[in-house]
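Descriptive analysis of the structure
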Amino acid sequence: MSSFQTVRGMRDFLAEEAKMMRYIEGKARRIAELYGYKEIITPVVESYELLAAKAGEEVRLRMYTFKDLGGRMVALRPEFTPSVARLVATTLKNEPKPFRLFCVGSLYRYDEPQRGRYREFWQSNFELMGSNKPEADAEILMLTSDLMKSAGLKNVTFKVGHVGVLRGIMKSEGLKEKTQNSVMQLMDKKQYEEAFKLIEKAEASQKCLDTFRKLVELKGGEILETLTKLKEHVKHYDEASIAVENLKEILELFSATECKININVDAGFARGLEYYTGMIFEVYVPELDIALGGGGRYDKLIELFGGEPTPAVGVAHGLDRIMLAMQKQKACLELKEKKKAMVIPTKEGLKGTALKISNILRKAGITVEVEVMGRKMAKALEDADRRGMDYAVIVGERELKENAVVVRDLRKREQTTVKIDKIVSAIKA
Ligand code: HAM
């Protein structure tokens, strides 16, 4: 057979990368714990209908969709949000609100592979369901800021907008939801002229077009100033004005947390997913032009899935991209290296004793590898050195008669004979 490679868009994580990925996952897990988000594990395969319902064209067309052997249309999950919403609409429907739910795992999208864009990627996902209050939105921003900081990232910026502004304008201009969705998709891809053409075709007023043109130009880090301008631009549209007020409240609350994250308010900002109804945001660092995370408020999804009306807000953090950003910024991992030892029997007949000694050490929390290649002592020591071992524990007949082994400190290149019941303390010291 020809030599196999990974399927296009798929990746192997070798030891170093796997360690880094699990490290970031650990940070996300810790944030979940600190904020009271309970982990749930949902299936990778879900019904196509569930995943496609509000995914938006961008994600929907890129789903790995297939018929299973029972003839069901299913897909590999491209995100966690529909699965969590499904649970809250069904199994969890009688549980007290709010829900704080956390997921971490792999997702699948047939995206065009490039740096930071893979067909299998990882997210940590946080959903806060049951509250329509701005403090819930602020919490999602806050925990995202905490995660970025705990990953050691610097100069993080949140790009923030509100779907209610653009949709509010289109709604009061009588644009159908389908047209609104298409406009939002185009805005998300920054194809503004095409979006304006659609608005024109839908016979919206000149005032609407003028407002949209102003909005795509309006962005800035001065939150109050930008929001004041935004408020002025949309003052003839009631729903849009309420949306601006809501965004202001959220950002005021977030500022009060003193998280010290750069905020860039972007009035023309849209996201590809269709379920958003309120504040939306994405996370950036200067070294990468792709988002490290994204989220927002979606108040209608759970009822769309047959549940009680349940307002919700959430975020997903792209772990692969956080890892890339950490590498770019040389953010170092605080990985505490533990002491490691290699146990080497000096002859065939002592293999069993070597295994027994390895277990004594492991029970004391020391990482132990046993020489399994049948190497001669000099080669075995060389190999232990190459593997970054701190100690070699040499199991020899002469010492065993005294209930002892030789412990060689591979860093200091010194060795002593140690009684077996003292090896743990010899190595730990
Ligand atoms: P999303 O913006 O589609 O949102 O994805 C969130 C993050 O996942 C992105 O910012 C990015 O870091 C990462 N990501 C997405 N696609 C890829 C890819 N092909 N390769 C590598 N990383 C990728 C959602 O998924 C929503 N469910 C977020 C949410 C939760 N909204 C509310 N609750």
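Rules behind the numbers
Residues numbered from 1 in each chain as written. Predicted model: local features only at pLDDT ≥ 70, side-chain atom pairs only at ≥ 80, totals over all residues. Heavy atoms only, no water. Near = heavy atom within 4 Å. Polar contact = N/O pair within 3.5 Å; in protein donor to acceptor, adjacent residues only side chain to side chain. Areas by Shrake-Rupley, 256 points an atom, 1.4 Å probe, with all protein chains shown as cover. Helix = DSSP H or I, 4+ residues; strand = E, 2+ residues; numbered from the N terminus. Nonpolar A, V, L, I, M, F, W, Y, C, P; charged D, E, K, R; others polar. Domains from an automatic or database assignment. Pairing = 2+ DSSP bridges. Contact = heavy atoms within 4.5 Å. Axes fitted to C-alpha atoms, helices over the stretch in contact; angles between N-to-C directions. Parallel < 35°, antiparallel > 145°, perpendicular 65-115°, else oblique. Left-handed = near helix turned anticlockwise from the far one by under 90°. Buried < 20%, exposed > 50% of the residue type's maximum accessible area, 1.4 Å probe, protein only. Lys, Arg positive; Asp, Glu negative; His and termini not counted. Salt bridge = Lys/Arg side-chain N within 4 Å of Asp/Glu carboxyl O. Right-handed = clockwise from strand over helix to strand, strands pointing away.

1. Points about the site of the ligand
Surveying the vicinity of the ligand reveals 27 residues, the closest of which are Glu79, Thr81, Asp111, Tyr118 and Tyr276. The contact in question runs from a nitrogen atom of the ligand to an N or O atom on the side chain of glutamate 79, over 2.5 Å. In the environment of the ligand, an oxygen atom lies 3.5 Å from a nitrogen or oxygen atom belonging to the backbone of leucine 292. Burial of the ligand by the protein chains amounts to 95% of its free accessible area of 660 Å². Every element with two or more residues in the shell around the ligand is listed here: strand E6 (120-129), strand E11 (293-297) and strand E12 (312-318). Of the residues in the shell around the ligand, the class split is ten nonpolar, ten polar and seven charged.

2. Focus: the domain arrangement of the chain
Each domain of the chain was delimited in the assignment, giving domain 1 (15-328) and domain 2 (340-428). Averaged C-alpha coordinates put domain 1 and domain 2 at centres separated by 53 Å.

3. Describing the sheet that holds E6
Strand order in the open sheet formed by nine strands is E1-E5-E6-E12-E11-E10-E7-E9-E8, and the pairing between neighbours is mixed. Edge positions in the sheet fall to strand E1 (38-39) and strand E8 (219-220), since each has one partner strand and no second. Of the strand pairs in this sheet, strand E7 (residues 157-162) and strand E10 (residues 279-284) are connected by six bridges, and their pairing is antiparallel. Note on E10: the bridge partner recorded for phenylalanine 158 is valine 283. In the packing of helix H4 (residues 81-89) onto the sheet, contacts are made with strand E5 (99-108) and E6, and the angle to E6 comes to roughly 35°.

4. Some remarks on the packing of helix H6 (residues 163-172) against helix H11 (residues 238-256)
The interhelical angle for the contact between H6 and H11, taken along N-to-C directions, is 170°, at an axis separation of 7 Å. Relative to H11, the element H6 is oriented roughly antiparallel. Residues Gly164, Val165, Gly168, Ile169 and Lys171 of H6 form the contact with H11, whose own contacting residues are Glu239, Ala240, Ala243 and Val244. The residue makeup of the contact of H6 with H11, split by class, is five nonpolar, two polar and two charged.

5. Notes on the packing of helix H8 (residues 192-201) against helix H9 (residues 206-217)
Viewed as axis vectors pointing N to C, H8 and H9 meet at an angle of 160°, and their least axial separation amounts to 10 Å. When the axis of H8 is compared with that of H9, the two are roughly antiparallel. As for the relative orientation of H8 and H9, their crossing is right-handed in sense. On the side of H8, the interface is formed by Tyr192, Glu193, Phe196, Ile199 and Glu200, while H9 contributes Cys208, Leu209, Phe212, Arg213 and Val216. Taken together, the residues that form the contact of H8 with H9 break down as seven nonpolar, no polar and three charged.

6. Considerations on the side chain of glutamate 274
Tracing the sequence through the fold places glutamate 274 in the loop between strand E9 (262-266) and E10. No salt bridge is formed by the buried glutamate 274; its nearest oppositely charged neighbour, arginine 60, is found at 4.3 Å. With sequence-adjacent residues up to four places away left out, glutamate 274 is seen in contact with Lys54, Ala55, Gly56, Glu57, Arg60, Arg167, Asn181 and Gln185.

7. Observations concerning the pairing of strand E13 (residues 340-345)
In terms of burial, E13 is largely enclosed, as five of its six residues are buried. Where E13 meets strand E14 (residues 367-370), four bridges bridge the pair, whose relative direction is parallel. Residue pairing in the sheet places methionine 342 in a bridge with glutamate 369 of E14. A crossover connection joins E13 to the parallel E14 through helix H14 (residues 351-363); in handedness this β-α-β unit is right-handed. When E13 meets strand E15 (residues 391-395), the two strands line up parallel, connected through five bridges. If you follow isoleucine 344 over to E15, its bridge partner there is isoleucine 394.

8. What about the sheet that holds strand E2 (residues 45-47)?
The strand order E2-E4-E3 describes an open sheet built from three strands, whose pairing is antiparallel. Either end of the sheet is taken by a strand with one partner, and the two such strands are E2 and strand E3 (65-67). Each strand of the sheet is rotated relative to its neighbour by a mean of 40°, with strand direction disregarded. The sheet contact formed by E2 and strand E4 (residues 73-76) spans three bridges and is antiparallel. Residue valine 45 lies in a different strand from E4, and its bridge partner there is leucine 76.

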